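Per-entry structural report
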Amino acid sequence: MRLKGNAHKYGSDVNTDVIIPARYLNVSDLDELTKHCMEDIDGEFVSRVRPGDFIVATTNFGCGSSREQAPLVIKHCGIACVIASSFARIFFRNAINIGLPVLQSTEAAEATEAGDELEVELTTGEIVNVTKSRKFYAKPYPEFMLEITKKGGLIEYTKERLRAKKP
Amino acid sequence: MTLAEKILAAHSGRRKVNPGEFLNVEVDLILANDVMTPLAVKGLQRLGVGKLFEPKKVVIVPDHFCPNKDIRSAEAAKLTRQFAKEQGLVYFEVGRMGIEHVLLPEQGLALPGQVIVGADSHTCTYGALGAFATGMGSTDIAVAMATGEIWMKVPPTIKFVYHGKLPEWVGGKDLILYAIGGIGVDGALYSVMEFAGEAIAELTMDGRFTMANMAVEAGAKAGIFSVDDKTKEYVATHGNESYSTYQPDGNAEYANVIEYDVSEIEPQVAFPYLPSNVKSVSQAGEVKLDQVVIGGCTNGRLDDLRVAARLLQGKQIHSETRCIIIPGSQQVYLEALREGLIETFIEAGAAVSTPTCGPCCGGHMGVLAAGERCLSTTNRNFVGRMGSPQSEVYLASPAVAAASAILGRIASPEEVI
């Protein structure tokens, strides 16, 4: 499936405390939690984002806490995929586990500006910056992780493993 | 193999593992708290798993927003408590709980040679004991709770060797901040930080916990120390469980080896808004403080409180600064009380609280207003970490924190002695 949307651009070290501040972690309702996505560094983000848009950032996206609420609110506010030069490891795992597509491409991350129109093909990792008429390829997933994403996340993947184990 | 590779090999039935390999790893201990357990419970429901693989290997500690800070936190804590009871998990109630990463080693639950996963990024703290310990999200933790296994990619190891003799007032916090300042907040991304050298051998266990705790602030999957006599003595004092120890091979392959001479290191301060934004305390300049926090999973242990008390003894907290001191566990609190440290703190004009993560993540017990500045012994100083996005957090050791609380500005311990 080809994803189309606009880029919301951030710099390096966007941490989970700004993606979803810890002071809201007592909120269990995802709709309500999502209202606070990125509010400490970009108060307009939630009102500006349209379903299918992309977050594009440079290095170490999602550093900090292990809170899974971070990829959850990004996904829930309609972001189709996060593209970054690099991801913090726990965020990357969490995103794969919950089914938020994440693509790693330094070239795409650096060339993209806020508001650029992007098209992304998740299966091939192709990222087209329509505004700038440029094409990039994201780093392919290791086979093992591809399998998790193909199954629709870690829960589905594990369910299948558990079924296979049963006599 | 490196220390981390040895532990991962032993837990995945392999004789040898290499960085980049994907493994199914058996876990020895699983941890979750009051803010991450509710999501893990949802994950377990989706998995359709009613009973956990081994309930006594799962530890639940309500420490983040507990004692309950508001109705919503109370609901989350209630759900967490019910889950722990229904499943027969190891659970520490308010009054017995501590900050998870202070509590688990103290209770003899985290041990050398184990693989430990927790739904908290600072799970890496247990690397101080020679365990492979790493933080994950709630879904990963739900799968570990259900199956006793988790997938891992074998990380490369970077070795950090600290030579020389530690100057006075320089400890584990300064060594780890100095390293993060050098390599950056993604300097050890996806890697293991293995700590070694004669200065590390001299460091107390509490100092090692502080260092391992902040490995994640350099992007690391784990921070790890070899087991020595100090580790063995610590474990013997805190329980009688048997455990396995591993040592890195002499020909282990490291992605990088970084060496320091600690005799040249001063107390360090991380300025807003990254733990890597580090300066020596003598270069800090005039930074006035509204609040000082001593505690957290980084520096809420007995050694930390002793250092703070040494400086606060007979002194007064600055009239325009609030000082909040939080022992990391009931045991730490009790021992600090018996040693007279709590009396010293209260006489100096500090507030002393029951154990909680509270202020570190802007939860409660010391949230900052816009424009306020706090120096804290915790591990993160991101925008809005301790409250208003217009507030500032500076990270430092308990020694710098105590000196700064007395002078009402960032200060070196030397200035108050």
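Every value quoted in this text rests on a predicted model; they were computed, and no experiment measured them.

Calculation rules
- Residues numbered from 1 in each chain as written.
- Chains lettered and ligands numbered in written order.
- Predicted model: local features only at pLDDT ≥ 70, side-chain atom pairs only at ≥ 80, totals over all residues.
- Helix = DSSP H or I, 4+ residues; strand = E, 2+ residues; numbered from the N terminus.
- Rg over C-alpha atoms; globule rule 2.2 N^0.38 Å.
- Buried ≥ 20, exposed ≤ 12 C-beta atoms within 10 Å, placed from the backbone.
- Contact = placed C-beta atoms within 7 Å.
- pLDDT = per-residue confidence, 0-100.
- Pairing = 2+ DSSP bridges.

**Notes on the overall build of chain B**
The secondary structure content of chain B amounts to 14 helices and 18 strands. Relative to the globule expectation of 22 Å for 417 residues, the C-alpha radius of gyration of chain B, 20 Å, shows essentially globular dimensions. Across its three principal axes, chain B shows a C-alpha extent of roughly 55 × 50 × 40 Å. Taking all 417 residues of chain B together, the buried fraction comes to 62%.

**Some details on the interface of chain B and chain A**
Contact with chain B, which involves 40 residues of that partner, is made by 34 residues of chain A. Residue assignment for the side of chain B that touches chain A shows that the elements contributing at least two residues are helix H2 (37-47), helix H3 (71-87) and helix H5 (138-147) of chain B.

**Side note on the confidence of the model for chain B**
The share of residues in chain B with pLDDT of 70 or more is 100%, and the mean pLDDT across the chain is 97. Predicted complex metrics record ipTM = 0.95 and pTM = 0.97.

**As for helix H4 (residues 69-76) of chain A**
An α-helix turns once per 3.6 residues; consequently, residues spaced three or four apart project the same way. Counting buried positions along H4(A) yields seven of eight residues, so the element is predominantly enclosed. Along H4(A), the residues classified as buried are Gln69(A), Ala70(A), Pro71(A), Leu72(A), Val73(A), Ile74(A) and Lys75(A).

**Things to note about the pairing of strand S2 (residues 54-57) of chain A**
All names here are of chain A. In S2, alternate side chains face the same way, and those of Phe 54 and Val 56 on one face and Ile 55 and Ala 57 on the other are all buried. Of the pairings in the sheet, the one linking strand S1 (residues 2-9) to S2 comprises three bridges and is parallel in character. Each residue of the ladder has a partner; that of His 8, found in S2, is Ile 55. Across four bridges, S2 lies against strand S3 (residues 81-84) in parallel orientation. Note that in S3 the partner of Phe 54 across the bridge is Cys 81.

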